[in-house]
Amino acid sequence: MAMWDRIKDQAKGLQQAQAGRSSGGHGRPGSGSSGGSKAQLVSTLKTQLTSLKTELKSGAYRDASMAMCALVAAADGNVDPAERQHVESLILNNDVLQNFPSEQLRQRFNKHVDQLSFNFQQGKTEALQEIAKAAKKPTEARAVVQTGFVVAGADGYIAPAEEQVLREACSTLGLSPQEFGL
């Protein structure tokens with residue numbers, strides 16, 4: 001649980017740095033629960049991503065993000081049709097990813113999910129190779145991990161297997177997992 005305390009502190013720091021004091025900043029009683037902090041972090045990362053929307057238009061970001069989303073969806077080694085549809089919906093409704101035609105996103109996401117479903121280790125290797133292409137631009141590299149976090153945390157819970165693929169993506173991109181509380 002100490003990890004979520006670090007994430008909560010990081011999210012607070014990020015929010016204060018970004019927004020200064022916002023109205024309604026008074027926490028509800030009991031709002032320090034780990035569920036709240038995870039939701040808060042995901043919300044903060046989503047806000048950061050949206051603020052970068054105009055910079056995140058490259059094919060490398062698009063492709064790496066779809067590989068990241070597929071890895072998160074298949075992190076436990078299994079993707080059932082409902083989970084695939086849920087993640088696809090998150091992708092198509094993501095403000096930043098609307099920079100790209102939905103069919104391009106759907107095609108790339110499903111290609112990676114299919115590969116991961118067929119042979120998880122080989123699919124994972126290919127997804128990480130795709131993610132590595134975003135390493136040249138630090139803003140895009142961070143955005144890929146942030147996108148993965150937003151998708152992983154959409155259900156209010158980031159599973160250990162999801163944390164593991166996020167850590168591996170950080171390593172592939174030359175980013176410190178601690179930057180994201182991992």
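This text follows the structure it describes.
Described below are features of the structure shown in this document. (Residues numbered from 1 in each chain as written. Predicted model: local features only at pLDDT ≥ 70, side-chain atom pairs only at ≥ 80, totals over all residues. Heavy atoms only, no water.)

Thoughts on the nonpolar core
With 48 residues, the main nonpolar core has Tyr61, Met68, Phe109 and Ile131 as its most contacted residues. Of all the secondary structure elements, the ones that give two or more residues to this core are α2 (34-51), α3 (59-73), α4 (81-92), α5 (102-118), α6 (120-132), α7 (138-152) and α8 (160-173). Here the element with the most residues in this core is α3; it accounts for 10 residues. (Core = buried A, V, L, I, M, F, W, Y, C linked by side-chain atoms within 4.5 Å. Buried < 20%, exposed > 50% of the residue type's maximum accessible area, 1.4 Å probe, protein only. Helix = DSSP H or I, 4+ residues; strand = E, 2+ residues; numbered from the N terminus.)

Some remarks on the pattern of salt bridges
Inspection of every chain in the model, using the stated rule, returns nine salt bridges. Arginine 106 is paired through a salt bridge with glutamate 88; the nearest N and O atoms lie 2.9 Å apart. Taken as a pair, arginine 106 in helix α5 and glutamate 88 in helix α4 lie far apart in primary sequence, 18 residues in all. For glutamate 168, the salt bridge identified is with lysine 124, shortest N-O distance 2.9 Å. Taken as a pair, glutamate 168 in helix α8 and lysine 124 in helix α6 lie far apart in primary sequence, 44 residues in all. The pair glutamate 168 / lysine 124 is uniform in exposure class, with both members buried. (Salt bridge = Lys/Arg side-chain N within 4 Å of Asp/Glu carboxyl O.)

By themselves, these figures tell us nothing about what the structure is for.
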